[in-house]
Amino acid sequence: MIAIPSIPGFLREPNGPIGKPVNRVDGRKKVTGDAHYAAEFTLPDLAHGCIVSSAIARGRITRIDTAAALALPGVIHIFTHENRPSLAWFDRKWKDDDAPKGSPFRPLYDAEIHHALQPVALVIAESFELARYAARLVHIEYEVAPHQTNLRANRANTFTPGKDKGGFQPPPKPRGNPEQAFLDSPVQVDVEFTQAAEYHNPMEMHATTVLHHDDGTLTVHDKTQGAQNCHTYVCNVFGLPKSAVRVMSPFVGGAFGSGLRPQHQLFMAMLAATQLKRSVRVELSRPQMFSFGHRPETIQRVALGADRDGTLRALIHEAVQESSRNENYVEIVVNWSGQQYTCDNVRLDYKLSRLDVHTPQDQRAPGAATGVPALEIAMDELACKLGMDPVELRLKNYAETDPNTGNPFSSKELRACFQHGAERFGWAKRTPAPRSMREGRELIGWGMAAGVWDAMQGQAAAKAVLGVDGKLVVSSATADIGTGTYTVMTQIAADVLGLPIEEVTFCLGDSSLPTAPIEGGSWTVSTVGSAVKAVCDRVRSQLVTLAGKLDNSPLKGVAEADVLFADGHLIVRNDRSRRLSITDVMRGSGTLSIEEEARALPYLLARARHTFATHSAVFVEVRVDEDLGTIRVARVVSAIAAGRIINPKTARSQIQGAVVWGIGMGLEEEAFTDHRLGRVMNHDYAEYHVPVNADVPEIDVLFVEEHDDMVNALGAKGVGEIGIVGVPAAIANAIHHATGVRVRDFPITLDKVLAGLR
Amino acid sequence: MRSFTYARADSAADAVGRAGASGTAFVAGGTNLLDLMKADVVHPERLVDISRLPLDRIEDTAEGGLRLGALARNADTAYDERVQTRYPMLSKAILAGASAQLRNMATNGGNLLQRTRCYYFYDTATPCNKREPGSGCGAIGGVNRIHAILGASDQCIAVHPSDLCVALAALEAVVQVTGPEGERSIPFAEFHRLPGDRPEIDTVLRPGDLITAIDLPAKGFAEHSTYLKIRDRASYAFALVSVAAGLEMDGGTVRDARLALGGVAHKPWRDPEAEAALIGKPATPDQFRGAARVLLRDAKGHEHNSFKIELAERAIVRALTEAAERKGAPRP
Amino acid sequence: MAQLKASLRPATAPPPEPIPVTLTVNGVERTLHLAPWTTLLDALRLHLDLTGTKKGCDHGQCGACTVLVDGRRINSCLTLAAMQDGRKVTTIEGLTTGDALHPLQEAFIEHDAFQCGYCTPGQICSAAGLIAEGKASTDDEIRELMSGNLCRCGAYPNIVAAIRQAMAAVATKAEGAP
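Residues numbered from 1 in each chain as written. Chains lettered and ligands numbered in written order. Predicted model: local features only at pLDDT ≥ 70, side-chain atom pairs only at ≥ 80, totals over all residues. Heavy atoms only, no water.

Colleague: For the overall build of chain C, give the residues involved together with the corresponding values.
Modeller: When its secondary structure is counted, chain C shows 5 helices and 5 strands. Along chain C, from the amino end to the carboxyl end, the secondary structure elements read β-β-α-β-β-β-α-α-α-α. The 178 residues of chain C split such that 63% are buried. Sequence separation of 24 or more characterises 54% of the internal contacts of chain C that already satisfy a separation of 6 or more. With 15 positive and 18 negative side-chain charges, chain C shows a spacing of 7 Å between the two charge centroids. (Helix = DSSP H or I, 4+ residues; strand = E, 2+ residues; numbered from the N terminus. Buried < 20%, exposed > 50% of the residue type's maximum accessible area, 1.4 Å probe, protein only. Contact = heavy atoms within 4.5 Å. Lys, Arg positive; Asp, Glu negative; His and termini not counted. Charge placed at Lys NZ, Arg CZ, Asp CG, Glu CD.)

Colleague: Talk me through the overall build of chain B; I want residue IDs and the actual numbers.
Modeller: A tally of regular secondary structure across chain B gives 13 helices and 12 strands. Whereas a compact globule of 332 residues would reach a radius of gyration of roughly 20 Å, chain B reaches 19 Å, a difference of no more than 12%. Projecting the C-alpha coordinates of chain B onto the three principal axes gives extents of approximately 60 × 50 × 35 Å. Looking at chain B as a whole, 65% of its 332 residues qualify as buried. The contacts of chain B with a sequence gap of at least 6 include a subset with a gap of at least 24, amounting to 64%. Surface accessibility of chain B: about 10,600 Å² in total, with carbon and sulfur atoms responsible for 48%. Taking the average location of the 41 positive side-chain charges in chain B and that of its 41 negative ones, the two points are 4 Å from each other. (Rg over C-alpha atoms; globule rule 2.2 N^0.38 Å. Areas by Shrake-Rupley, 256 points an atom, 1.4 Å probe, with all protein chains shown as cover.)

Colleague: Can you break down the interface of chain C and chain B residue by residue, with the values?
Modeller: Across the contact, 48 residues belong to chain C and 68 residues belong to chain B. Carbon and sulfur atoms make up 54% of the area that chain C and chain B hide from each other, which totals about 4,500 Å². Summed over the shared surface of chain C and chain B, the result is 2 salt bridges. We note a salt bridge from Lys 38 of chain B to Asp 58 of chain C, for which the minimum N-O separation is 2.8 Å. Counting every contact that joins chain C to chain B gives 18 residue pairs in polar contact (both at pLDDT 80 or more). When residues of the side of chain C that touches chain B are traced back to their parent elements, those giving at least two are β4 (72–75), α3 (120–133) and α4 (139–145) of chain C. In terms of residues, the side of chain C that touches chain B owes the most to one element, β4 of chain C, which gives 4 residues. The residue inventory of the side of chain C that touches chain B, partitioned by class, reads 22 nonpolar, 15 polar and 11 charged. (Buried area = accessible area lost by both parts, 1.4 Å probe. Salt bridge = Lys/Arg side-chain N within 4 Å of Asp/Glu carboxyl O. Polar contact = N/O pair within 3.5 Å; in protein donor to acceptor, adjacent residues only side chain to side chain. Nonpolar A, V, L, I, M, F, W, Y, C, P; charged D, E, K, R; others polar.)

Colleague: Give a detailed account of the domain arrangement of chain C, specifying residues and quantitative values.
Modeller: Residue and element names in this part refer to chain C. Under the domain assignment, chain C is made up of domain 1 (19–94) and domain 2 (103–176). With 16 residues of domain 1 at the contact, the number on the domain 2 side is 16 residues. Both sides together, the interface formed by domain 1 and domain 2 hides about 1,200 Å², and carbon and sulfur atoms give 55% of it. On inspection of domain 1 and its partner domain 2, the count reaches 1 salt bridge. The salt bridge involving Arg 73 is made with Glu 133; its shortest N-O contact spans 2.8 Å. Remark: the boundary between domain 1 and domain 2 carries 8 residue pairs in polar contact (both at pLDDT 80 or more). For the side of domain 1 that touches domain 2, the element with the highest residue contribution is strand β3 (residues 66–69), accounting for 3 residues. (Domains from an automatic or database assignment.)

Colleague: Can you break down the pairing of strand β23 (residues 569–572) of chain A residue by residue, with the values?
Modeller: Residue and element names in this part refer to chain A. Relative to β23, strand β22 (residues 563–566) runs antiparallel, the two being bridged by 4 bridges. Each bridged residue has a counterpart across the sheet, and for Phe 565 the counterpart in β23 is Leu 570. Connecting β22 to the next strand, β23, in antiparallel fashion are 2 residues, including Asp 567 with a positive phi near 55 degrees. Bridge analysis of β23 against strand β24 (residues 575–581) gives 4 bridges, and the strand direction is antiparallel. Residue pairing across strands places Ile 571 opposite Arg 579, the latter belonging to β24. Joining the antiparallel neighbours β23 and β24 is a turn of 2 residues. (Pairing = 2+ DSSP bridges.)

Colleague: I'd like a description of the packing of helix α6 (residues 227–238) of chain A against helix α7 (residues 264–276) of chain A, backed by residues and values.
Modeller: All names here are of chain A. Running from N to C, α6 and α7 point in directions that differ by 50 degrees, and their axes come no closer than 11 Å. With respect to their mutual orientation, α6 and α7 come out oblique. Crossing geometry of α6 relative to α7 is assigned as right-handed. Contacts between α6 and α7 involve Cys 230, Tyr 233, Val 234, Val 237 and Phe 238 from the first element and Leu 266, Phe 267, Met 270, Leu 271 and Thr 274 from the second. Looking at side-chain class alone, the contact of α6 with α7 contains 9 nonpolar, 1 polar and no charged residues. (Axes fitted to C-alpha atoms, helices over the stretch in contact; angles between N-to-C directions. Parallel < 35°, antiparallel > 145°, perpendicular 65-115°, else oblique. Left-handed = near helix turned anticlockwise from the far one by under 90°.)

Colleague: Residue-level account of helix α5 (residues 88–95) of chain B, with values.
Modeller: Residues that lie three or four places apart on an α-helix share one face, since the helix turns once every 3.6 residues. For α5 of chain B, the buried fraction is high: 7 of the 8 residues fall into the buried class. Taken residue by residue, α5 of chain B has Pro 88, Met 89, Leu 90, Ser 91, Ala 93, Ile 94 and Leu 95 of chain B as its buried positions.

Colleague: Break down the confidence of the model for chain B for me, citing the residues and quoting the values.
Modeller: Per-residue confidence for chain B gives a mean pLDDT of 97; residues scoring 70 or more make up 98%. Here residues 328–332 of chain B is a poorly scored stretch, pLDDT under 50, and it has 13 contacts once near neighbours within four places are set aside; other chains count. (pLDDT = per-residue confidence, 0-100.)

Colleague: Report on the pattern of salt bridges, specifying residues and quantitative values.
Modeller: A side chain of one charge can pair with a side chain of the opposite charge when the charged atoms of the two come close. Applying the stated criterion to the full structure yields 95 salt bridges over all chains. Across the pair Asp 98 of chain A and Lys 165 of chain A runs a salt bridge, and its minimum N-O distance is 3.1 Å. With Asp 98 of chain A in the loop between α3 (91–94) and β4 (101–102) and Lys 165 of chain A in the loop between β7 (139–144) and α5 (178–184), this residue pair connects regions lying 67 residues apart in the sequence. Comparing Asp 98 of chain A with Lys 165 of chain A shows no difference in burial state: the two are buried. In this structure, the salt-bridge partner of Asp 627 of chain A is Arg 318 of chain B, at a minimum N-O distance of 2.7 Å. Separated into two different chains, Asp 627 of chain A in the loop between β26 (613–625) and β27 (631–641) and Arg 318 of chain B in helix α13 (residues 307–325) make up a pair that spans both. The class for Asp 627 of chain A is partly exposed, based on a relative accessible area of 28%.

Colleague: Explain the sheet that holds strand β19 (residues 460–467) of chain A to me, and be specific about the residues and the numbers.
Modeller: Residues and elements named next belong to chain A. Spatial ordering of the open sheet is given by β21-β20-β19-β25, a layout of 4 strands whose pairing is mixed. The open sheet is flanked by β21 (504–507) and β25 (593–600), the only strands paired with a single partner. Direction aside, the axes of adjacent strands within the sheet are offset by 15 degrees on average. Against the sheet, helix α12 (residues 485–497) engages β20 (472–475) and β21, with an angle of about 135 degrees to β21. Packed onto the sheet, helix α13 (residues 524–549) meets β19, β20, β21 and β25 and runs at close to 140 degrees relative to β25.

What follows is the structure in structure tokens.
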């Protein structure tokens, strides 16, 4: 049942739904309140859980007194490390598809405290309010041990990780002689960048509802980007047969990476449900959303050496990031710097420092969103020193092939992004000197940056069932975290079989469906979309065969390649009067349904010989108050090269949303840790600032034409991450252009600008 | 949230009577109290719902001012035509705070009693003298970007988070209170306390006191006033620094001046000497800067908030400049 | 609005007793027996199974729980159900008329004004409140007065476009009314 990968080029029907701005197929459910998220399923005997979080950052629990809480009528049980059941022993049982090298955190496993807000007890009660009340009455005493949470204080205390996490290669070996080339360069930039820790903070707080059925089986509604990842995890950890558990996540209220790994609310709800043999819901509080996974704090150095004509002679990029004591979370950060520009002397270096924090977690464009802005600010600084236009400098050093590997790109239309983006923005009207543009008390700055992200593909399976009524149901255990998976998969299936969108249903978010990997890294269209296309191709072949066999068939003897599928019909390509409806083929051949399953793999040979990437050029106008330092992003143009765009409407939304993330990263988002307590202090939405509506201007998104017949059968690369990558740098560069103040410490809050305005 | 009982008061006297029992709190809008109860920062045993008492009117006073009912909603106050035309700085201040939803819920009286947004006050795993007297101040030596630069003590460097109160301070409003010992009027400058060695006490209210109204004097500085709020995002964030500024102008000369700062102290910060430094002087940036420096002369920064001192100076100059330029009562 | 007298007390008071609370929810009168500590949000989600109203922070910091009470938008997480006794509550489920979507709902779909959908009911209820308030006429005013509704997916430009369209549709309808 494995579809042999071939490279058929783009889909054949030019008028199909692929490429059309189709409205979200799940839109009606979402605007009417009919889309149900993890905490919104119930059974009559549902019990409610509330987690108690550690008050300290490191040490051990010496005493837990649950008497006062248990004395409350309606409190059912309190789980702690002291009374937990026997659980899996080996680390591999606790690992999940996104686990880095190391030993995964085990909730309630023992008395040890590894990080602040670590879950230390679970109160189960008959109502949500009662569980919350009782949780406040659980008295815990600790023996405090010294902790280290300050990356700056520990920046020298590092090690070099290996290939410790899927999707991330260690930096390539240095090429040329970067140190000497830098020293020999007539123009030099050598600067340090810092990036604050950021929390994903999806709108939906992590929650799990476990429905305990009479037959002992469990339906687990979890907030996750991978129902099967969680399914494997809970079966392994709790020693359950796969058939006893089904994990569902049909709607996920945002995740951005926070749902790539099974989070502890899943463990907690499963613990209670399996032990108490009843249905249980555990929902984290917003402060507890700061108790797992974050974009790690990073310190970087970028050194660029160039000739006076702008030719890069040396490029050095070093990064130090935090990880936990128990796992080596890596996102490498620096590799894109070796890929973006042609340079003969390059050294890329990536190190980790272990701190007493929970393991960081992939967050939108992990690594690239941190590393590329550092490079792109350094490039801007170099352009300033050279007196060269920033776009020109980038074109001067444009990499036609991947300098890291020497391989060609499968496609790369970054040049078109620069051109079209600059035109749309009006970049030619920019006056290069800082502080040279203003309106009243506002200093105006125009900045730009390039972006890059990997166009990855995994393997996935999909199932298709075509009914005699002409309705098609396609399914795969992927997720839609707001990315539009439901819609684009529906479009792909409808396109292949020439069906109206309304006749196609796509099912996801269910561990019992055909295998799909976790949804992340912008690889879902590529990975699952390829499987959907493959399985629909099989249905298509079947239909052609069946049609050819019908008596007096107008399609008799017509080869599959000569049959078009459109408007619910099979049509002979060069004689459109010869046609049969799908329902007629089904009825005529006595076929009640056609069921197919297929698995799609990446084009491994092509992948070995090429670099696959999406690219962007982003142009930003900021307005900075010349006295107060307040910063406003006034307009953004983001030009994207990401292969074929399946749905320009949802893809545009992805890019816009990622630009908003870039605004947050550039100007607002920062977890403040009190290093004496080892604790993030601004752990809520009031003080951890994410952009609000008033922060966000019109965002102009353009997709440049990019043909790619190697990336996958769809020619599509995925757009979830690329939109954020250049944005923080473009903002920083625009602020410098507006004010002459160069800030290399994200987020750029007004105090940092004010310090330079004095 | 801990266990509590709930009762609805049917008159102000009933409310005051019920508040005699210890552990009683009034609830009106609920926007701050319920937040704090959920965070386990406060745990009243009895809630007395006063939200339906007839204290929500906005009425002219015999003295030519305006009486704002304690239970008038923030939004209704900000959009009241009399407030908009006669006290535009107040309207602007209210609309600079919170969100439209919260302003539809929150009452004027409740806004006066809003507690600080200090991280340590909210996080019960950390020390806080305001939440738990004697436990220490986490913010001193900790994360203190949003904290006080004026009037703080070695016990507490929290700031009052209100925008509305900053304008009320500048307008010299008077708080009307009824309590077990009868009715009394509290000048706004005396209403909020500095932390000193009792940071757990925010105001001069006594147990059982109920705010009934806030009186605005006739003088509203409608022609030359503004409210400037500086924050880390464009909306829905507490002030790093805010300025309520009102001037009376005589040509280019300042005849009277009011200046109050928010986001910098345990209470809206006013200084008669700074205002005196403006009166009789030309309305120039240099004069404004001079007044700002008087107002900020004792300002003291901490690890993360020293920038507020210069920011406040610049904000004062900007706000006074805008106020001086402003003609008529603009739409807030 | 008095000072809280006791910030700390030894606490094992038993859970509060339920009291009757009557709400008219989406036009239907409902009497519930709720402990006073139940917020309006939890009453809707947990007791009336109206899960369209979302919990994004439970502290008035995100707007996902926005509903209309007597026609005005509020954060349902920061009010007790008991405090709203006797009032009319409109949730996202109450905006549709039969199968017909509210103009805001249609505009949100058309403009792709959401991604994950979790903040969406709150955005739409908030926008309905905004239109009723009549204080926003420009895009910047819409942005400011919708800033109490976070959207972590960053759909803000499309949200503004959708509201602008719905506002025009509502105005046209009002003008056309006899």
